[in-house]
Amino acid sequence: MAKNITPKEQDYSQWYLDVIKVGELADYAPVRGCMVVRPTGYAIWEMIQKYFDDAFKETGHVNASFPLLIPQSFLSKEAEHVEGFAPECAVVTHAGGEELEEPLIVRPTSETVIGYMYSKWVQSWRDLPILINQWCNVMRWEKRPRLFLRTSEFLWQEGHTAHATKEEAIEETKKMLEVYRRIMQDYLALPVIPGEKTDGEKFPGADNTYTCETMMSDKKALQAGTSHFLGQNFAKAFEIQFQNKDGEMEFAYTTSWGISTRLIGALIMTHSDNDGLILPPKIAPTKAVIVPISTNDEKMEKEIMPKADELKQKLNAVLGGRYIQIDTQFHMRPGDRFFSHLQKGVPVRLELGEKEFASGKLRVVRRDTGEKFDVTWANIEQELPVLLENIQNSLLEKARNFRIENTHEATTLEEFKEILEKEGGFIEVYFGGTKEDEKKIKELTGATPRCYPLDESEKRGKCFFTGAENSRKAIFAKSY
RNA sequence: CGGGAUGUAGCGCAGUCUGGUUAGCGUACCUGCUUUGGGAGCAGGGGGUCGUCGGUUCGAAUCCGACCAUCCCGACCA
């Protein structure tokens with residue numbers, strides 16, 4: 001068995017890699033910057049997908065599939081978009097043994113090819129809105145890859161919608177941001193801050209970008225999901241036009257929004273400890289593991305295992321899925337068996353040994369706190385769901401408190417620098433600067449604007465950097 | 001693409017400066033016995049073209065050169 005993860009204070013990235021390793025989540029692929037998501041990691045991704053697909057049913061979005069390869073010329077049709085993405089595109093120049101007339105790019109995102117298709121699909125105001133989502137892989141040749149957080153190829157969900165009016169498109173952008181916030185908070189136990197991106201941080205080609213920002217356990221910020229209001233930029237580039245009720249031609253308003261396997265990275269970096277992964281129950285593919293223990297083979301076979309099976313059936317029925325696993329690693333000693341599940345982040349361990357069997361109980365152990373107590377077989381059906389709920393809430397609370405403790409206010413650049421050096425974390429300021437000011441602040445301090453928080457969008461004050469009055473409330477931090 | 005570092009068994013490393021039997025250690029893995037409720041003990045065993053290519057030499061993991069790859073700090077970003 002692997003030993004503890006024992007990171008040094010400054011060795012955060014090694015700790016992160018160790019958690020991924022002991023959790024058996026992912027490996028490096030043979031291609032630089034690419035990731036192999038192992039079954040345990042993929043199961044988490046499937047849980048995330050499930051919650052989003054459920055949400056899409058409520059919001060009226062449907063899934064579809066668009067091509068992996070996009071003609072290079074498509075990218076150039078939107079000026080900001082090509083500038084933002086061209087440097088990181090993988091390009092296919094040969095196929096079928098010949099050089100292609102026009103190179104193809106491996107999609108870094110699908111606004112262009114979907115915009116092209118939408119232009120063919122939309123004629124009348126009756127064709128709108130189009131509410132489509134796609135689950136797929138995309139490729140961005142980033143300079144510095146990092147497992148889950150920034151891999152060359154990553155899995156994601158990209159929603160692309162087209163609307164007849166600006167108001168409706170903006171509403172859609174905010175609606176999806178709220179879906180993100182809710183799922184991240186309620187299921188992944190990530191206390192995110194929804195907000196609007198600054199000019200310097202918004203998506204290439206968007207009028208506005210909204211984001212869910214969250215704090216990792218090293219106090220750095222991570223952008224967990226974004227929702228973009230694209231205005232008519234892509235509609236004009238790809239001629240998504242429709243005839244309105246008055247018979248006039250109009251360009252549509254489009255949106256796009258996405259979350260990626262980065263969320264798994266966020267999960268790891270928010271909740272894990274030095275023993276490995278800690279998964280919030282709602283996102284854990286295995287919510288509890290039953291560990292039958294006995295040195296007596298006959299007793300194991302005839303009494304303990306049948307009881308374990310019975311409990312598994314009952315608990316699965318209560319939880320409404322196949323969420324309970326029975327540990328059958330009988331070649332291992334009990335301590336090793338416990339530890340293997342602990343490292344993988346299984347929220348609850350249910351020990352069924354000879355002692356428990358004799359008294360009709362289970363020894364219940366929480367992954368997040370290590371707390372242990374006994375519950376009778378009769379009561380476990382009621383108590384497990386409550387316990388899982390408690391763990392879920394307590395992980396969210398813990399992460400939220402951590403963020404609050406590590407959020408400070410600054411009114412001047414000096415204060416800003418001092419906080420960043422001494423404490424790190426999020427810094428709340430009033431900011432009224434330009435893209436260029438953002439750049440200067442980054443050069444001076446290493447921190448970037450994360451967002452203008454939506455919850456405090458009414459607040460106004462004096463900019464800590466330019467001194468401009470009536471500036472918006474913003475959060476700055478060092479980020480991934 | 002700049003600055004720094006590193007490539008030796010699945011993982012973590014020693015050996016390199018000062019070239020010399022069959023390349024070592026910890027851990028993981030396999031077998032056996034003893035153990036068995038928070039991460040085992042003893043014994044035996046398998047696994048390496050020492051990143052790649054070239055050079056120097058009687059002889060290279062070790063010296064020289066080129067290349068490749070990875071990691072960290074930047075720039076870039078979901």
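Not measured: the values here are computed from a predicted model.

Undergrad: Teacher, can you tell me more about the side chain of Q392 here?
TA: Take Q392: it is sitting in helix 12 (residues 377-405). Accessibility expressed as a relative area gives 3% for Q392, which makes it buried.

Undergrad: How do you make sense of the protein's contact with RNA strand B when you look at a structure like this?
TA: Around RNA strand B lies a shell of 41 residues, among which R32, R144, R150, R262 and F339 are the nearest. The sugar-phosphate portion of RNA strand B accounts for 47% of its atoms within 4 Å of the protein, the bases making up the rest. A distance of 3.2 Å separates a phosphate oxygen of RNA strand B from a polar side-chain atom of R333. At 3.3 Å from a base nitrogen of RNA strand B is found a side-chain nitrogen or oxygen belonging to R349. With 6 residues, the single largest contributor to the surface near RNA strand B is helix 10 (residues 334-344).

Undergrad: Honestly, the environment of I391 in this entry has me stumped. Any pointers?
TA: Along the chain, I391 falls in helix 12. The class of I391 is buried, set by a relative accessible area of 1%. Spatially, the C-alpha atom of I391 lies 7.1 Å from that of P281, the residues being 110 residues apart in sequence. Those residues in contact with I391 that lie beyond four places of it in its chain are P281, P347, V348, R366 and D368.

Undergrad: Mind showing me how you'd approach unusual backbone geometry here?
TA: Most peptide bonds take the trans configuration, and most residues that are not glycine carry a negative phi. Note the cis peptide between L128 and P129, where omega equals -5°. Along the chain, P129 turns up in the loop between helix 5 (111-121) and strand 7 (130-139). Positive phi values are uncommon outside glycine, yet E24 reaches one of about 55°. Inspection of the secondary structure puts E24 in the loop between helix 1 (12-22) and strand 1 (26-28). For E24, a relative accessible area of 31% gives the class partly exposed.

Rules used in this analysis
- Residues numbered from 1 in each chain as written.
- Chains lettered and ligands numbered in written order.
- Predicted model: local features only at pLDDT ≥ 70, side-chain atom pairs only at ≥ 80, totals over all residues.
- Heavy atoms only, no water.
- Helix = DSSP H or I, 4+ residues; strand = E, 2+ residues; numbered from the N terminus.
- Buried < 20%, exposed > 50% of the residue type's maximum accessible area, 1.4 Å probe, protein only.
- Near = heavy atom within 4 Å.
- Polar contact = N/O pair within 3.5 Å; in protein donor to acceptor, adjacent residues only side chain to side chain.
- Contact = heavy atoms within 4.5 Å.

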